[in-house]
Amino acid sequence: MSDATQSHTPPKQASRNFFQALEIDTRLLGMIGAFIVLCLVFHVWTDGRFLTPRNVFNLTIQTVSVAIMATGMVFVIVTRHIDLSVGALLATCSAMMAMTQTVVTPEWFGLGLNHPLTAPIAVIVGIVTGVVIGAFHGWLIGYLLIPAFIVTLGGLLVWRNVAWHLTKGQTIGPLDSTFQTFGGINGTMGETGSWIFGILATGLAIALLLSARRNKIRHEFPVKPLWAEFVLAGMVAAAILGLVAVLNAYEIPERRLVRMFEARGEVMPEGFTAGYGVPYSVLILVVIATIMTVVAQRTRLGRYIFATGGNPDAAMLSGINTRLLTVKVFAIMGALCAISAVVASARLTFHSNDIGTLDELRVIAAAVIGGTALAGGLGTIYGAILGALIMQSLQSGMAMVGVEAPYQNIVVGIVLVLAVFIDIIYRKRTGA
Amino acid sequence: MAQDKIDRSGTPLVEMRNMKKAFGGIHAVDGVTVDVYPGEVVGVLGHNGAGKSVLMKMLSGAIQRDSGEIYVNGELADINNPRDARRYQIETIYQYLALADNLDASANLFLGRELVTPLGLVDDARMEAETRKIMGRLTPNFRRYKTPVAGLSGGQRQSVAISRAVYFNAKILIMDEPTAALGVEETRMVAELIDELKKQGIGIFLIDHDIHQVKALCDRASVMKNGQLVGTVNVHEVTEDDLLGMIILGKKPEKAA
């Protein structure tokens, strides 16, 4: 037993190649690569209609709802569970919110239609509904030890039809005008707002990179070369600001602008144009992705979720309350279903009976394509979001090319299986 | 190590009195009393299914006892889960169970007791620095701090587990076949470590199958058979055959401690 504290010199870095120096997960690089190839193929195939501001805008707002739930599904799958009820739960939350803003607040509370308090009340009702139902699922799974597959399969049938019961099967709408701003096209930040958001987000990302580097230096850990940090920061900035620029380039149609000016009692100046900018729903996704990533990587809760997925016995023996953890994971999933319900119903501008149908499969597929292992213990938030984006791009790209719906599903199904197979091979090769 | 140098005049570090645990009518542990004194290694022996692991898991809080009392430093201790056990500075080193394979060494070392920043976020850098310090002492050649422990050798995994106990100042250590998966060199390392821990006045329960090992490492041995205690002997006063007789036949040697 020597008492000498070892000095930790970093390993020789001479032979490291470009990507290794950047220390980006090669898996993530592969996914980004696949996504870019996919976009380019569709772009060429559609004679340049795929990568237009308009289509990028549509893609982002279509992806948000599934992507939000996929971040929660990562936690569920990492802890070796599954949630088949997310689409149905989304429908129940949506129904609760729709009834709140069309019946409860205007009639019972006497606030009338489009009152400023309506949207916040509805959102709170929705989130409480989601959390309570999710926690209940978690309790059945964690404490009564009923397999998650069964609980949520039952949940799928129950909540889909509770939603039907709440609305008597009717389509409820139009929803509150403030509420609708969460849906995408009806609520965007405008060009200036989007640039401010983009610059703030870039600044924050670079600040995080810097603080991570400083922290490593403080503890005398090896850090990547300075040029690599700059390249990484540059790539992050380009991605964020590039997306903002594209979304800003999607111009609001002239007739719509005229109506907006008329609503304010003004006349639109000649030659006036304005871009949509970043939709609020995308902002919500960005905020959720950030929070979920912080939870996954930097909180005890996240550490325990991954530890439990890696070895439930070890987690329990380390004093982690794995039962309560299950409740928390499903409660988070429920909250995210509710937020997705806000985005999904606001995008439609009404609550429909079939809202969220088959979303459970899209969400699970997004998480799995994004590298979440069903065996538990592995998965990333950004992977799931990228997975959702890839799925959505594939689907809408095929629609633009003119592939009929049944064939679209055949392709998506094959891609799902293939993606997991490639992942298995990748993990075998890298031994991860 | 011919003679017994342990001072057993004071209060035992841990005393488990009349412990009982049944699983569906089968008495896994049936009225067993064992104790350990500071600086002592007590071997817990027996066949598979003799109840030794269940007995130890009641001490580590992994299994709740049906009845019986646990005294730590002479005071009644209330241990119902692993967190309680940690509060009494009881640490367990399992051979296979207690590491999350998908996490790295420092995440495992601090699992359940993460160091956090003032904002309440886990402080990975500080935990890794601490891990480097403690692991550097126990296994100077260890370098793979960023790899999930699934990629480590048996000995390296064991050093993570042992580092965990050492780092958190265990007073009482339960080792469940700590050398079962280790090579010769690594086994020697664990034996040295046990000696070191003894000098610090830590009491150790050592579950083991290897009689040879028990003779070499332990001061006393408590032998169990079919959930009951055959007897506790001073290992320096009995032969390996005596111990085998106790394990296989449940026969206590004439000259008992």
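Bear in mind that the values here come from a model prediction, so they are computed numbers and not experimental data.

With respect to the overall build of chain A
Phase 1 of the analysis: The helix and strand inventory of chain A stands at 17 helices and zero strands.
Phase 2 of the analysis: If you line up chain A on its principal axes, its C-alpha atoms span 80 × 60 × 45 Å.
Phase 3 of the analysis: Across the 432 residues in chain A, those meeting the buried criterion constitute 47%.
Phase 4 of the analysis: Once local pairs closer than 6 in sequence are excluded, the contacts in chain A between residues at least 24 apart make up 79%.
Phase 5 of the analysis: Just so you have it, chain A exposes about 20,700 Å², and 68% of that area is on carbon and sulfur atoms.

Quick look at the environment of Thr181 of chain A
Residues and elements named next belong to chain A.
Phase 1 of the analysis: Among the secondary structure elements, Thr181 is positioned in the loop between α7 (177-180) and α8 (190-218).
Phase 2 of the analysis: Taking C-alpha positions, Thr181 is 9.9 Å from Val342, a pair spaced 161 residues apart along the chain.
Phase 3 of the analysis: For Thr181, the residues in contact, after removing those within four places along its chain, are Asn186, Gly187 and Tyr280.
Phase 4 of the analysis: A polar contact of 2.5 Å, which involves the side chain of Thr181, links it to the backbone oxygen of Thr178.

Quick word on the domain arrangement of chain B
Residues and elements named next belong to chain B.
Phase 1 of the analysis: Each domain of chain B was delimited in the assignment, giving domain 1 (1-89 + 171-257) and domain 2 (100-169).
Phase 2 of the analysis: Between domain 1 and domain 2, the C-alpha centre-to-centre distance is 27 Å.
Phase 3 of the analysis: Taken residue by residue, the interface counts 13 residues in domain 1 and 17 residues in domain 2.
Phase 4 of the analysis: Of the roughly 1,000 Å² buried where domain 1 meets domain 2, counting both sides, 61% is carbon and sulfur surface.
Phase 5 of the analysis: By the criterion of area lost to domain 2, the three top residues of domain 1 are Arg86, Met189 and Leu193, representing 45% of everything that side buries.
Phase 6 of the analysis: Inspection of the region where domain 1 meets domain 2 yields zero salt bridges.
Phase 7 of the analysis: Summed over the shared surface of domain 1 and domain 2, the result is four residue pairs in polar contact (both at pLDDT 80 or more).

Focus on the layout of surface pockets
Residues and elements named next belong to chain A.
Phase 1 of the analysis: In this structure, the second largest pocket occupies an estimated 470 Å³ of space.
Phase 2 of the analysis: Taken together, 20 residues line the second largest pocket, and the ones lying closest to its centre are Gln62, Arg347, Asp359, Arg362 and Gln392.
Phase 3 of the analysis: Of all the secondary-structure elements, those providing two or more residues to the lining of the second largest pocket are α3 (53-78), α14 (322-348), α15 (359-369) and α16 (381-401).
Phase 4 of the analysis: Its residues placed into classes, the lining of the second largest pocket shows seven nonpolar, nine polar and four charged.

A closer look at empty space enclosed by the protein
Phase 1 of the analysis: Within the structure shown, the criterion is met by five cavities of 30 Å³ or more.
Phase 2 of the analysis: By volume, the largest cavity is sized at about 140 Å³.
Phase 3 of the analysis: Lining the largest cavity we find Leu317 and Ser318 of chain A together with Ser60, Pro82, Ala85, Arg86, Ile90, Glu91, Thr92, Tyr94, Ala98 and Arg164 of chain B.
Phase 4 of the analysis: Elements supplying a minimum of two residues to the lining of the largest cavity: α2 (82-87) and β6 (90-93) of chain B.
Phase 5 of the analysis: Each residue belonging to the lining of the largest cavity can be placed in one class, and the counts come to six nonpolar, three polar and three charged.

Describing the interface of chain B and chain A
Phase 1 of the analysis: Of the residues lining the interface, 40 residues belong to chain B; the matching set on chain A comes to 31 residues.
Phase 2 of the analysis: Among the residues chain B hides against chain A, the three largest losses belong to Asn102, Val122 and Arg132 of chain B. Together they make up 17% of the total.
Phase 3 of the analysis: A salt bridge links Arg300 of chain A to Glu114 of chain B; the nearest nitrogen and oxygen atoms lie 3.8 Å apart.
Phase 4 of the analysis: In this structure, the connection of chain B to chain A is made through nine residue pairs in polar contact (both at pLDDT 80 or more).
Phase 5 of the analysis: Contributions of two or more residues to the side of chain B that touches chain A are made by α2, α4 (124-138) and α6 (184-199) of chain B.

Points about α8 of chain A
Phase 1 of the analysis: For α8 of chain A, spanning 29 residues, the distance from its first C-alpha to its last is 42 Å, which sits close to the expected 42 Å at 1.5 Å a residue.
Phase 2 of the analysis: Regarding α8 of chain A, the residues found buried are Ser194, Phe197, Gly198, Thr202, Arg213 and Asn215 of chain A.
Phase 3 of the analysis: Those residues of α8 of chain A that are buried lie in contact with α9 (226-249) and α11 (280-298) of chain A together with α4 of chain B.
Phase 4 of the analysis: Looking at the residues trailing α8 of chain A, positive phi occurs at Glu220 of chain A, about 60°.

Quick word on the sheet that holds strand β2 (residues 26-36) of chain B
Residues and elements named next belong to chain B.
Phase 1 of the analysis: The sheet built from four strands is open, its strands ordered β2-β1-β4-β5 with antiparallel pairing. Each end of this open sheet is capped by a strand with a single partner; those strands are β2 and β5 (75-77). Across the sheet, the axes of successive neighbouring strands diverge by a mean angle of 30°, strand direction being ignored.
Phase 2 of the analysis: Helix α1 (residues 52-60) rests against β1 (14-23), β2 and β4 (67-72) of the sheet, and its axis sits at about 115° to β1.

Things to note about the side chain of Asp208 of chain B
Residue and element names in this part refer to chain B.
Phase 1 of the analysis: Tracing the chain through its elements places Asp208 in the loop between β8 (203-207) and α7 (211-217).
Phase 2 of the analysis: For the buried Asp208, no salt bridge exists, and the shortest N-O distance to an oppositely charged side chain is 8.7 Å, to Lys52.
Phase 3 of the analysis: A distance of 3.1 Å separates a polar side-chain atom of Asp208 from the backbone nitrogen of Asp210.
Phase 4 of the analysis: In this structure, Asp208 is in contact with Val44, Leu45, Glu177, Pro178, Thr179, Gln213 and Val214, ignoring residues within four places of it in sequence.

Quick word on the packing of aromatic side chains
Phase 1 of the analysis: Scanning the entire structure with this criterion turns up 12 aromatic pairs over all chains.
Phase 2 of the analysis: On the numbers, 4.9 Å between centres and 40° between planes, the contact of Tyr250 of chain A with Tyr276 of chain A is tilted. On the criterion of sequence distance, the pair formed by Tyr250 of chain A in the loop between α9 and α10 (254-263) and Tyr276 of chain A in the loop between α10 and α11 is long-range, its members being 26 residues apart. The burial state of Tyr250 of chain A is the same as that of Tyr276 of chain A; both residues are buried.
Phase 3 of the analysis: Within the aromatic cluster, the residues linked to one another by ring pairs are Phe42, Trp45 and Phe50 of chain A.
Phase 4 of the analysis: Lying across the ring of Phe261 of chain A, Arg264 of chain A places its NZ or CZ 5.0 Å from the centre.
Phase 5 of the analysis: Cation over ring: Arg113 of chain B sits above Phe168 of chain B, and NZ or CZ is 3.6 Å from the ring centre.

Overview of the side chain of Asp423 of chain A
Residues and elements named next belong to chain A.
Phase 1 of the analysis: Here Asp423 is to be found in helix α17 (residues 405-430).
Phase 2 of the analysis: Among the residues examined, Asp423 registers a relative accessible area of 8% and is labelled buried.
Phase 3 of the analysis: Once residues within four sequence positions are removed from consideration, Asp423 is found in contact with Arg27 and Gly371.

Structural notes on the pattern of salt bridges
Phase 1 of the analysis: In this structure the tally under the stated criterion is 19 salt bridges over all chains.
Phase 2 of the analysis: Glu229 of chain A serves as the salt-bridge partner of Arg213 of chain A, at 3.0 Å between the closest nitrogen and oxygen. Note that Arg213 of chain A is positioned in helix α8 and Glu229 of chain A in helix α9, a separation of 16 residues in sequence.
Phase 3 of the analysis: Looking at Arg213 of chain A, the relative accessible area reads 16%, which means it is buried.
Phase 4 of the analysis: For Asp123 of chain B, the salt bridge is made with Arg126 of chain B, and the minimal N-O distance between the two is 3.5 Å.
Phase 5 of the analysis: Take Asp123 of chain B: its relative accessible area is 7%, and that puts it in the buried class.
Phase 6 of the analysis: Arg126 of chain B gets classed as partly exposed once you look at its relative accessible area, which sits at 34%.

Analysis parameters
One numbering rule holds for all chains: residues counted from 1, following each sequence as written. Chains carry letters from A onward and ligands carry numbers from 1 onward, assigned in written order. Where local features are concerned, this predicted model is filtered to residues with pLDDT of at least 70; where side-chain atom pairs are given and counted, the filter is 80 or more; whole-chain, interface and lining totals use all residues. With hydrogens and water excluded, all non-hydrogen atoms of the structure serve as input to the side-chain values. The way it works is that DSSP assigns letters per residue, a run of H or I at least four long becomes a helix, a run of E at least two long becomes a strand, and they are numbered from the N terminus. Only protein chains enter the accessibility calculation, which uses a 1.4 Å probe. A residue is then buried if its area is under 20% of the maximum for its type, exposed if over 50%, and partly exposed in between. Whether two residues touch is decided by their heavy atoms; if any such pair falls within 4.5 Å, the residues are in contact. Accessibility throughout is a Shrake-Rupley quantity obtained with a 1.4 Å probe, and a residue counts as covered only by protein chains that appear here. For this analysis, a polar contact is any N or O atom pair within 3.5 Å, provided that within protein one partner can donate a hydrogen and the other can accept it, and provided that sequence-adjacent residues contribute only side-chain to side-chain pairs. For every domain, the bounds stem from an assignment made automatically or drawn from a database. Here the buried area means the combined drop in accessible surface, using a 1.4 Å probe, for two parts upon being joined, counting both sides. The term salt bridge refers to a pairing of a side-chain nitrogen on Lys or Arg with a carboxyl oxygen on Asp or Glu at a separation within 4 Å. Both site types are read off a 1 Å grid over the protein atoms alone. A 1.4 Å probe that fits but cannot get out defines a cavity, while an open set with protein on both sides within 12 Å along at least five of seven lines defines a pocket; lining residues have an atom within 4 Å of a point. Grid points are joined across faces, edges and corners, and a volume is the space filled by probe spheres set on the points. Three categories are distinguished: nonpolar for Ala, Val, Leu, Ile, Met, Phe, Trp, Tyr, Cys and Pro, charged for Asp, Glu, Lys and Arg, and polar for the others, with Gly belonging to the last. A helix is expected to span 1.5 Å multiplied by its residue count minus one. Only when DSSP finds a minimum of two bridges between them are two strands counted as paired. Think of each axis as a best-fit line through the C-alpha atoms, taken over the contacting stretch in the case of a helix, with angles from 0 to 180 degrees between the N-to-C directions. The convention is simple: Lys and Arg are positive, Asp and Glu are negative, and His and the chain ends are not counted. Only Phe, Tyr and Trp rings take part, Trp by its six-membered ring, and two of them pair if their centres are within 6.5 Å. Stacked means planes under 30 degrees apart, edge-to-face means over 60, and tilted covers everything else. Put simply, a charge is over a ring when the Lys NZ or the Arg CZ is close to the ring centre, within 6 Å, and near the line of the ring normal, within 35 degrees.

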